[in-house]
Amino acid sequence: MISELRNSTAHVFVDAIDAPAIDEIDAHHLLRVLRVKPSDAVTVSDGKGKWYSCVLKADASIDATSEVFTTAAPSWPLTVAFSLVKGDRPEWTVQKLTEIGIDEIVVLAPTIRSVVRWDDGRSNKNIDRLRRVAREAAMQSRRTWLPNVHGATEMSTIDNLFIADPTGACLDASHRAIAIGPEGGFAPQETENCDGLVSLGDTVLRAETAAVSAAVLMSDYRRKRN
Ligand code: SAH
């Protein structure tokens, strides 16, 4: 890991690296909650691989203290798709998947055994909330590439998707997109048409543990191939 990123007091995303402007919510968080001072090293990124070191002034303007660096995109993107479960576990899942380094975080459209469904009216609001969670987690974990968070997506539209199932094959570097079922699991007709089943271990995991395990195992294969 790059030490300037690891050691910065805060890491923040801006829309344009050439004309960086800290938005109001981030400014409040950095200046009032984290109490970042002009003497603290901050890193700023466009979420598309570009970043630099800077200092943050009291008016939330920033002065660059380094050149702009570019982090290469990951050697291949990793996808975790998961079914909605109860309570705040989707937020927790998105936070952890972001920390671990997943690139495409997908909320699956209701599956046959899904219990939790977002009604249409609230769906956009819910997905916006998950995107905010991902952005905050990416700041925390010093990512320079922001993950994409996709709302209600049909499994059939995701390329090379493997379904997580205890009876599946052991995970290897060929598994780059994995779907996690709801608490009741996937129905047989859903597992029949995928690219294959992949196992995450010999115990039955809760959905959110399965999502995190898939992320850890896939990202470990990717790191070792680099
Ligand atoms: N009773 C259900 C349990 C579902 S757990 C069943 O037997 O299928 C929720 C989801 O987590 C599952 O649909 C599956 O995608 C994933 N999962 C749980 N444990 C797993 C394991 N050991 N390997 C792979 N996937 C697992």
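Model, not experiment: these values are computed from the prediction.

Take the overall build of the protein next. Regarding its fold elements, the protein presents six helices and eleven strands. Relative to the globule expectation of 17 Å for 226 residues, the C-alpha radius of gyration of the protein, 19 Å, shows essentially globular dimensions. Projected onto the principal axes, the alpha-carbon positions of the protein cover approximately 60 × 45 × 30 Å. Residue pairs in contact within the protein that sit at least 24 positions apart in sequence constitute 69% of those at least 6 positions apart.

Our next topic: helix α6 (residues 207-225). Here α6 is 19 residues long and its end C-alpha atoms lie 27 Å apart, about the 27 Å a rise of 1.5 Å per residue gives. Looking only at α6, the buried set comprises A207, E208, A210, A211, V212, S213, A214, A215, M218, S219 and R222. Contact partners of the buried residues in α6: β6 (79-82), α3 (89-100) and β10 (177-180).

Before going further, it helps to spend a moment on the site of the ligand. Taken together, 18 residues lie near the ligand, and A164, L200, G201, T203 and L205 sit nearest. In this structure, a nitrogen atom belonging to the ligand sits 3.0 Å away from a main-chain N or O atom of G201. Across the complex, the protein chains shield 83% of the 540 Å² of accessible surface that the ligand would expose by itself. Counting residues per element, the ones that place at least two in the shell around the ligand are β9 (162-170), β11 (197-199) and α6. By residue number, the principal contributor to the shell around the ligand is β9, which donates three residues. A class-by-class count of the residues in the shell around the ligand yields eleven nonpolar, five polar and two charged.

How each quantity is defined
- Residues numbered from 1 in each chain as written.
- Predicted model: local features only at pLDDT ≥ 70, side-chain atom pairs only at ≥ 80, totals over all residues.
- Heavy atoms only, no water.
- Helix = DSSP H or I, 4+ residues; strand = E, 2+ residues; numbered from the N terminus.
- Rg over C-alpha atoms; globule rule 2.2 N^0.38 Å.
- Contact = heavy atoms within 4.5 Å.
- Expected span 1.5 Å × (residues − 1).
- Buried < 20%, exposed > 50% of the residue type's maximum accessible area, 1.4 Å probe, protein only.
- Near = heavy atom within 4 Å.
- Polar contact = N/O pair within 3.5 Å; in protein donor to acceptor, adjacent residues only side chain to side chain.
- Areas by Shrake-Rupley, 256 points an atom, 1.4 Å probe, with all protein chains shown as cover.
- Nonpolar A, V, L, I, M, F, W, Y, C, P; charged D, E, K, R; others polar.

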